[in-house]
Amino acid sequence: MSQVDAAREHLIETYRKKARHYDVTSRLYPAPGYPQRAQRLRAVNALGLRPGDTVVDVACGTGLNFGLLQEQVGPDGRIVGVDLTDAMLAQAQDRVEANGWSNVGLVQADAAAFEFPAEVDAILSTYALTQVPECGEVIAHGAAALSGGGRWVVLDLKVPDSTPRWLTQLGTAIVRPFASIDEWTMRRPWESIRAAMQEELADLSWNELFFGTAFLAAGSRGPRTVRRLHSAP
Ligand SMILES: C[S@@+](CC[C@H](N)C(=O)[O-])C[C@H]1O[C@@H](n2cnc3c(N)ncnc32)[C@H](O)[C@@H]1O
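We now turn to the structure provided with this report. (Residues numbered from 1 in each chain as written. Predicted model: local features only at pLDDT ≥ 70, side-chain atom pairs only at ≥ 80, totals over all residues. Heavy atoms only, no water.)

Overview of the packing of aromatic side chains
Then, in step 1: Taken as a whole and assessed by the stated rule, the structure comprises six aromatic pairs.
Then, in step 2: For the ring pair Trp 206 and Phe 215, a centre distance of 4.4 Å and an interplane angle of 10° mean the geometry is stacked.
Then, in step 3: Judged by relative accessible area, which is 15%, Trp 206 ranks as buried.
Then, in step 4: Taking relative accessible area as the criterion, Phe 215 reaches 0% and is therefore assigned buried.
Then, in step 5: Ring pairs connect the aromatic residues Tyr 34, Tyr 127, Phe 210 and Phe 211, which therefore count as one cluster. (Phe/Tyr/Trp six-rings, centres within 6.5 Å; stacked < 30°, edge-to-face > 60°. Buried < 20%, exposed > 50% of the residue type's maximum accessible area, 1.4 Å probe, protein only.)

Encoded structure:
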């Protein structure tokens, strides 16, 4: 098994153990006092959804965003939740059934390999994309599938820019109770996400939250343009 496959298996095993209690334990995520629900609401509002829209929630976990998304897209809209971990999706399925939502589709897939629906109106990922080694590619794949003006929004964790290394390691050890803390800190995936969003989207906004330990990034797909061929004079 390659290192990448082993890391993915480890991640799935970790979330299998967490799935049943995730909705409760994640309330303290990433740290006590962090206004998680308010930040989720901010992220969902940044999508600029309208009734009837289709939105993809990348690495949706147990579907903690679904209620907020439902309020925006309504019964004529569609939510597609994608996640790698079967047990997290099983919890999401329970949520969907308990709420009687018939407009939610759940897909078990690696975000890096997921084929986004064409002309999707918006894409969201919360507290997950920095765990995906190919996060920059996921941004690019999603951006290519967005309809003109469609929005890509990422809410996730990062290491504050001016933090001593020992404090960074302590913090990430607390909030990332799975392998590869050092790998995550060294890889600095939030920088790949920012660069890819800058490259692929118009009007990128980047807001650091909670003393630089989290960020909210949002951008739009520019209008689709037809490339003109210039004839020589
Ligand atoms: C901390 S949870 C966040 C779940 C949810 N987005 C939320 O805001 O509560 C991280 C989720 O990312 C998923 N995940 C991690 N790597 C993934 C990948 N490569 N493709 C799809 N899902 C992935 C995990 O299975 C887990 O459900």
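Back to the text.
Considering the site of the ligand
Then, in step 1: Around the ligand, a shell composed of 20 residues is seen, among which Tyr 22, Ala 59, Asp 83, Thr 85 and Thr 126 lie nearest.
Then, in step 2: The separation between an oxygen atom of the ligand and a polar side-chain atom of Tyr 22 is 2.7 Å.
Then, in step 3: Within the side chain of Thr 85, an N or O atom sits 2.6 Å from an oxygen atom of the ligand.
Then, in step 4: Its atoms largely coinciding with the cavity grid, the ligand occupies the largest pocket.
Then, in step 5: Here the residues of the shell around the ligand are counted per class, giving 13 nonpolar, four polar and three charged. (Near = heavy atom within 4 Å. Polar contact = N/O pair within 3.5 Å; in protein donor to acceptor, adjacent residues only side chain to side chain. 1 Å grid on protein atoms, 1.4 Å probe; cavity = no way out; pocket = protein on both sides within 12 Å on 5 of 7 lines; lining within 4 Å. Sits in = over half its atoms within 2 Å of the grid points. Nonpolar A, V, L, I, M, F, W, Y, C, P; charged D, E, K, R; others polar.)

Digging into the sheet that holds strand β4 (residues 120–126)
Then, in step 1: The strand order across the open sheet built from seven strands is β3-β2-β1-β4-β5-β7-β6, with neighbouring strands paired in mixed fashion. One side of each edge strand has no neighbouring strand; the edge strands of this open sheet are β3 (104–108) and β6 (202–209). Strand-to-strand, the axes of this sheet are offset by a mean angle of 15°, without reference to chain direction.
Then, in step 2: Here β4 pairs with strand β5 (residues 146–157) via six bridges, running parallel. In the sheet register, Leu 124 faces β5, and the bridge partner there is Val 153.
Then, in step 3: Across the sheet, helix α5 (residues 86–99) touches β2 (78–83) and β3, and the angle it forms with β3 is around 170°. (Pairing = 2+ DSSP bridges. Helix = DSSP H or I, 4+ residues; strand = E, 2+ residues; numbered from the N terminus. Axes fitted to C-alpha atoms, helices over the stretch in contact; angles between N-to-C directions. Contact = heavy atoms within 4.5 Å.)

A word on the nonpolar core
Then, in step 1: Val 56, Val 58, Phe 66, Leu 69, Leu 129 and Trp 152 are the most contacted members of the largest nonpolar core, which has 59 residues in total.
Then, in step 2: Residue contributions to this core peak at six residues, all from β5. (Core = buried A, V, L, I, M, F, W, Y, C linked by side-chain atoms within 4.5 Å.)

Points about the side chain of Asn 65
Then, in step 1: For Asn 65, the position within the fold is in the loop between β1 (54–58) and α4 (66–73).
Then, in step 2: In this structure the side chain of Asn 65 is engaged in a polar contact, spanning 3.2 Å, whose partner is the side chain of Asp 57.
Then, in step 3: When near neighbours in sequence (up to four residues on either side) are disregarded, Asn 65 contacts Arg 40, Asp 57, Leu 124 and Thr 126.

Some details on the packing of helix α6 (residues 135–145) against helix α9 (residues 189–200)
Then, in step 1: Close contact between α6 and α9 brings their axes to 8 Å; oriented N to C, the two are set at 25°. On the basis of the axis angle, α6 is roughly parallel to α9. The way α6 lies across α9 gives a crossing that is right-handed. Residue-level inspection shows Cys 135, Gly 136, Ile 139, Ala 140 and Ala 143 of α6 in contact with α9, the latter providing Pro 189, Ser 192, Ile 193, Ala 196, Met 197 and Glu 200. (Parallel < 35°, antiparallel > 145°, perpendicular 65-115°, else oblique. Left-handed = near helix turned anticlockwise from the far one by under 90°.)

Considerations on the pairing of β1
Then, in step 1: Counting buried positions along β1 yields four of five residues, so the element is predominantly enclosed.
Then, in step 2: This β-α-β element, β1 to α4 to β2, shows right-handed connectivity.
Then, in step 3: In terms of strand pairing, β1 meets β4 through three bridges, oriented parallel. Each residue of the ladder has a partner; that of Val 56, found in β4, is Ile 123. (Right-handed = clockwise from strand over helix to strand, strands pointing away.)

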